[in-house]
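# Chain and residue survey
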Amino acid sequence: MQMNIGRCGPVCFTVAAPASKSYTHRALIIAALADGESEIIGQLDADDTRMTARALMQMGIRLDWCRDNIRVHGQGGRLCEPKEEVDIQDSGTSMRLLTAVSLLADGPVILTGSKRMKERPLGPLVDTLNKAGGRITYPEKPGYPPVRIDGRFSGGKVCIDGGISSQFISSLLIAAPYAVNDLQVLLTGDPVSLPYILMTADCMQAFGAEVIVMKGEHGEPAFLVSSMRKYRPGTYVIEGDYSSSSYWFALAAICGGTATVTGLNPGSAQGDRRLLQILEEMGCSITSGEDSVTLTRDLSSPLKGITVDMSDCPDIVQTVCMIAAASAGPTRIFGIHHLRMKESDRIAAIACGLTSLGGVVETEEDAIIIHPAPLHGGIIHPENDHRTAMSFAVLGCLTGDVTILDAGCVTKSYPGFWEELKRIWQSAVLC
């Protein structure tokens, strides 16, 4: 499947935010651990969230997935040994969040995935779990999936490097109410994507767990989870996703005009909400309603280049890079070394894609610098990375004549993306 993107703009549109992928994953797993039936309302139906649901069913959890809700029949922290390997394909969130949870099964669990998944590190999480009662081994390459998970989760005081993936910490926290003892997690290094850990705590607390956010001896973040407070079943409503909504704000920023995204919580704990602040710094205007956000950009005012640390919001780096490519001055984005271990090496993917469209890009181990340059059309191969495909599609609305190969990869997080883009493109009018 490929998509051909033509030039459009200015734009004036309203679009509903898709449901949060991050909250859907977390709510599914936590509800599966609660003792009783929970209802998740307004879930994201995408490849990644389906992987988490399927894995839970393989471990004995009954799920009734309907169009607008999921009924999860939790088993009070008791999971079954799967009859076969649990293949979560390309879902890194599923792999990491389920690693600690699999210690609650009554027998060994083997988690595996795609070729790319087997290149994404898991070692720091496994090392930590093995020091806390796990007996986790690597059937293939040490430090990487697949993993054979056995043992039990004893809890206690653990230290883990927070500079690789926030999902390592979230995995520990989600399973912690069913550890033998209270769990205290101390982060070492410079933690990345901290808002995602706070989202995990937010979801856990909504289901009745006790999570205390603290500071360690040197001021680093630390977390304490009680093993006495188990999850309670309940009803949980999934809020709109700022990560996926970022493309619509970027479209109005790049092409000019106005974009309103409904279904967003202006006070959300999602770290990618910071995109709105970044876009204001680049010259856009933002207004927030009770459950919507509107961005406006006047074409008479050029976009500004900025210098910004995006270590806490990695999923919108590609989006910001597209806006930077349309700006009047250079932009430097740093704190992003962990992007090299996502669905693709995203720093390399951004540089390669923008260069092929006429952009001027410099890369460092932890940063990318984008300079103003005349852009033109071209062919983008996203290498099975959904965020690369969607971000370059938005830039294509400015340059025109952009072809996105393997366009179906967007079903990982936003199955309806191309339909929405086509609708907006066809109705683009001068505001």
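Structural data are supplied above this passage.
Attention here is on the structure that accompanies the text. (Residues numbered from 1 in each chain as written. Predicted model: local features only at pLDDT ≥ 70, side-chain atom pairs only at ≥ 80, totals over all residues. Heavy atoms only, no water.)

### Looking at the pairing of strand E9 (residues 156–161)
Direction of pairing for E9 relative to strand E10 (residues 183–188): parallel, over a ladder of 6 bridges. Note on E10: the bridge partner recorded for aspartate 161 is threonine 188. Running through helix H5 (residues 166–175), the crossover from E9 to the neighbouring parallel element E10 is right-handed. (Pairing = 2+ DSSP bridges. Helix = DSSP H or I, 4+ residues; strand = E, 2+ residues; numbered from the N terminus. Right-handed = clockwise from strand over helix to strand, strands pointing away.)

### Notes on the packing of aromatic side chains
Taken as a whole and judged by the stated rule, the model has 9 aromatic pairs. Seen from their ring centres, tyrosine 23 and tyrosine 236 are 6.4 Å apart, and the 45 degrees between their planes marks the pair as tilted. You can see tyrosine 23 sitting in helix H1 (residues 21–33) and its partner tyrosine 236 sitting in strand E13 (residues 235–237), a full 213 residues away along the chain. Neither residue differs from the other here; tyrosine 23 and tyrosine 236 are each classed as buried. Between tyrosine 414 and phenylalanine 417, the aromatic rings sit 5.8 Å apart at their centres with planes inclined by 70 degrees, giving edge-to-face as the arrangement. (Phe/Tyr/Trp six-rings, centres within 6.5 Å; stacked < 30°, edge-to-face > 60°. Buried < 20%, exposed > 50% of the residue type's maximum accessible area, 1.4 Å probe, protein only.)

### Here we look at the environment of phenylalanine 223
With respect to the helices and strands, phenylalanine 223 occurs in strand E12 (residues 221–225). Phenylalanine 223 sits in the buried class, given a relative accessible area of 0%. Counting along the chain gives 66 residues from phenylalanine 223 to lysine 157, while the straight-line C-alpha distance between them is 9.9 Å. With sequence-adjacent residues up to four places away left out, phenylalanine 223 is seen in contact with Ile169, Leu173, Leu183, Gln184, Val185, Leu187, Leu194, Ile197, Leu198, Ile212, Val213 and Met214. (Contact = heavy atoms within 4.5 Å.)

### Quick notes on the pattern of salt bridges
Applying the stated rule across the entire model yields 20 salt bridges. Of the charged contacts, one joins glutamate 140 and lysine 118 as a salt bridge, the two residues approaching to 3.4 Å between their closest N and O atoms. Of this pair, glutamate 140 sits in the loop between helix H4 (123–130) and strand E8 (147–149) while lysine 118 is found in the loop between strand E7 (109–112) and H4, placing the two residues 22 residues apart along the sequence. Given the relative accessible area of 27%, lysine 118 is considered partly exposed. Put simply, aspartate 150 and arginine 148 hold a salt bridge, and the shortest N to O gap is 3.9 Å. Since its relative accessible area comes to 33%, arginine 148 is described here as partly exposed. One salt-bridge network, held together by shared partners, links Lys21, Asp48, Asp315, Glu343, Arg346, Asp385, Arg387 and Lys412. (Salt bridge = Lys/Arg side-chain N within 4 Å of Asp/Glu carboxyl O.)

### Some details on the packing of helix H3 (residues 92–101) against H5
Two quantities define a packed helix pair, namely the angle between the helix axes and the distance between the axes. Contact pair H3 / H5: the axes reach a minimum separation of 7 Å and the direction vectors enclose 40 degrees. The angle between the axes of H3 and H5 places the two elements in the oblique class. You can see that H3 and H5 cross each other, and the crossing is right-handed. In this structure, H3 uses Gly92, Thr93, Arg96, Leu97, Thr99, Ala100 and Val101 to contact H5, whose residues at the interface are Gln167, Phe168, Ser170, Ser171, Leu172, Ile174 and Ala175. (Axes fitted to C-alpha atoms, helices over the stretch in contact; angles between N-to-C directions. Parallel < 35°, antiparallel > 145°, perpendicular 65-115°, else oblique. Left-handed = near helix turned anticlockwise from the far one by under 90°.)

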